[in-house]
Amino acid sequence: MEQNNYNGTLQKPVGSGFNAVSTTSDVIKEVDLNGKIAIVTGGDGGLGLEVTKTLSKAGATVIVPARDIEKAKLNLQGIANVEVEPMNLTEPASITSFAEKFLASDRQLHMLINNAGIMWTPLQRDNRGYEAQFSTNHLGHFQLTAKLWEALKKAEGARVVTVSSSAHHYSPVLFDDVNYHTREYNKFEAYGQSKTANVLFTVELDKKARPFGVRAYTLHPGLILDTNLSRHLTFEDFVTLGAINADGTPNEEAQAAMQKMSKTKEQGAATTVWAATSPQLQNIGGVYLQDVEVASYNPDAYDSNAGKRNPGGTFGVAPFALEPNAAQRLWVLSEELTDTKFDVQ
């Protein structure tokens, strides 16, 4: 019987024994990664750096593709078994070059962690005219995974982990205009669309890749205040998010809630590390994870009849992010936009 997570059929907690405050140290205990190879995009900063440290400490060789090589080397200084290579997720040629160099080394790839991303940016476009959040967060990782497929398949048990967000609740993928050529740009919806794309990609990838021993996972890392991802926010944006009132005074209730939900980097990276390494996930894939556990399916996140979105939805995964037709349509569109045929065979 074919196993897939269409419509959330597999979105049920597995009893991991971990929770929202579990750390990378907690989930990596008893895990030996000697001889394993991981690629971590964005692995030189933020949560990605914490993932790199954790995998390296467990014995893995970690390859970090980066736009700024010197900055990456500085950030990764002192971490064992790390290699830094040039790559830009919005430049297709650099993705292909990075992947071809790795394939030429004839190494297996045991863990591909699609972690890098941008969030809530003003309208920006890559050289192809694609909206930057969709291009960086989804299309670049789609192409990278496709180009590295042979190395993943060779590992006979590889995992592809793509970092999404609870912000996927902000928007489904709007196929009629994913790149905002005709509709009004909204930075929050654009980010949400890119994060929904991460989930849909994972669902379809796991379905296609499972027969070859490759499993895929996606996740919400949690609210981590100690990052620079919100650097593009304006005063009006903070009002929209409810963090401050229109008169500039703090929204104490909202800020207290944020502090209560916030995580350290070690806690925020824990779900990514668990997804990449845990034997508890050996027989399941294509699922959305949260707080080091398989998240619940949230049927109330979206009213398809009313077209009503629930941007405040934090817990669980929205139905539109697991919809089979959307997952299949996104795969075809991604092949077209990246000019990359991703034949999983």
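Everything that follows concerns the structure shown earlier in this document.
Positions within a chain are numbered from 1, following the residues in the order the chain's sequence is written. The predicted origin of the model limits local features to residues at a pLDDT of at least 70 and limits the giving and counting of side-chain atom pairs to 80 or more, whereas totals for whole chains, interfaces and linings rest on all residues. Note: side-chain values were computed over all heavy atoms of the structure, leaving out hydrogens and water.

Next up on the list: the sheet that holds strand E1 (residues 37–40). Following DSSP output, two strands are said to pair if at least two bridges run between them. Counting from the N terminus, the helices are the DSSP runs of H or I reaching at least four residues and the strands are the DSSP runs of E reaching at least two. Here seven strands make up an open sheet; going across it, the order is E3-E2-E1-E4-E5-E6-E7 and the pairing parallel. Each edge of the sheet is formed by a strand with only one pairing partner; in this case those strands are strand E3 (82–86) and strand E7 (287–290). Pairwise comparison of adjacent strand axes, ignoring direction, gives a mean angle of 20° for this sheet. Against the sheet, helix H2 (residues 46–57) contacts E1, strand E2 (61–66), E3 and strand E4 (111–114), and its axis sits at roughly 170° relative to E1. Its contacts with the sheet put helix H5 (residues 132–147) on E4 and strand E5 (159–163), and the angle it makes with E4 is roughly 170°. Where helices are involved, their axes are fitted lines through C-alpha atoms of the stretch in contact, as for all axes, and angles between N-to-C directions lie from 0 to 180°. Contact definition: two residues touch when any of their heavy atoms are within 4.5 Å.

For Lys-195, the position within the fold is in helix H7 (residues 187–209). Buried and unpaired, Lys-195 has Glu-131 as its nearest opposite-charge partner, separated by 11 Å. Setting aside chain neighbours within four positions, we find Lys-195 in contact with Asn-137, Val-163, Ser-164, Ser-165 and His-168. Each residue gets one of three labels from its accessible area relative to the maximum for its type: buried under 20%, exposed over 50%, partly exposed in between, using a 1.4 Å probe on protein chains only. Note that His is not counted, nor are the chain ends; the positive residues are Lys and Arg, and the negative ones are Asp and Glu. We count a salt bridge whenever a side-chain nitrogen from Lys or Arg sits within 4 Å of a carboxyl oxygen from Asp or Glu.

Bringing the pairing of E5 into the picture now. The element E5 is largely enclosed, with a buried count of five among its five residues. Side chains of E5 alternate between two faces, with Arg-159, Val-161 and Val-163 and Val-160 and Thr-162 buried alike. Here E4 pairs with E5 via four bridges, running parallel. Residue Ile-113 lies in a different strand from E5, and its bridge partner there is Val-161.

A separate point is the pairing of E3. Bridging between E2 and E3 involves five bridges; their strand directions are parallel. Counted as the bridge partner of Ile-63 is Glu-83 from E3. Crossovers are marked right-handed if the path from the first strand over the helix to the second runs clockwise, as seen with the strands pointing away from the viewer. Since E2 and E3 lie parallel, the crossover through helix H3 (residues 69–75) that links them has a hand, and here it is right-handed.

So, about the packing of helix H4 (residues 92–104) against H5. For the pair H4 and H5, the least separation of the axes is 9 Å and the interaxial angle reads 25°. Here H4 lies roughly parallel to H5, going by the angle between them. Relative to H5, the crossing made by H4 is right-handed. Residues Pro-92, Ile-95, Thr-96, Phe-98, Ala-99 and Leu-103 of H4 lie in contact with H5, whose contacting residues are Gly-140, Gln-143, Leu-144 and Lys-147. For classification purposes, angles smaller than 35 degrees are called roughly parallel, those larger than 145 roughly antiparallel, those between 65 and 115 roughly perpendicular, and all remaining angles oblique. Crossings are classed by handedness, with left-handed meaning an anticlockwise turn of the near helix from the far one by less than a right angle and right-handed meaning a clockwise turn.

As a further point, take the environment of Pro-221. Along the chain, Pro-221 falls in the loop between strand E6 (215–220) and helix H8 (235–241). Overall, Pro-221 belongs to the buried group, its relative accessible area being 9%. The spacing of Pro-221 and Ser-164 is 57 residues in sequence and 7.8 Å in space, taken between C-alpha atoms. Non-local contacts of Pro-221, meaning those with residues more than four positions away in its chain, are made with Leu-47, Val-163, Ser-164, Lys-263, Gln-267 and Gly-268.

Counting 37 residues, the largest nonpolar core has Leu-33, Leu-55 and Leu-289 as its most contacted members. Take this core: its biggest share by element is five residues, from helix H11 (residues 270–277). Sequence-distant contacts of Leu-55, defined by excluding residues within four places in its chain, comprise Leu-33, Ala-38, Val-40, Ala-60, Val-62, Met-111, Ile-113 and Thr-277. Core analysis: the next-biggest nonpolar cluster, separate from the first, contains 30 residues, Ile-63, Leu-89, Leu-112 and Ala-158 among them. The definition of a nonpolar core used throughout is a set of buried Ala, Val, Leu, Ile, Met, Phe, Trp, Tyr and Cys residues joined through side-chain atoms within 4.5 Å.

What follows concerns the pattern of salt bridges. A side chain of one charge can pair with a side chain of the opposite charge when the charged atoms of the two come close. This model, assessed by the stated rule, comprises nine salt bridges. Lys-208 serves as the salt-bridge partner of Glu-204, at 3.8 Å between the closest nitrogen and oxygen. With Glu-204 and Lys-208 both in helix H7, this residue pair falls four residues apart, about one helical turn. For Lys-208, a relative accessible area of 29% translates into the label partly exposed.

Quick look at H5 now. Of all bends in H5, the biggest is about 30°, found at Leu-139. Where burial is concerned, most of H5 is hidden: 15 out of the 16 residues are buried. Pairs of N or O atoms within 3.5 Å make up the polar contacts considered here, provided that, within protein, one atom can donate a hydrogen while the other can accept it, and that residues adjacent in sequence are counted only when both atoms are side-chain atoms. You can read the cap of H5 off the contacts: a side-chain oxygen lies 2.9 Å from the backbone nitrogen of Gln-133, and it is on Glu-131. By definition, a residue's bend is the angle between the axes fitted to the seven residues ending there and the seven starting there.

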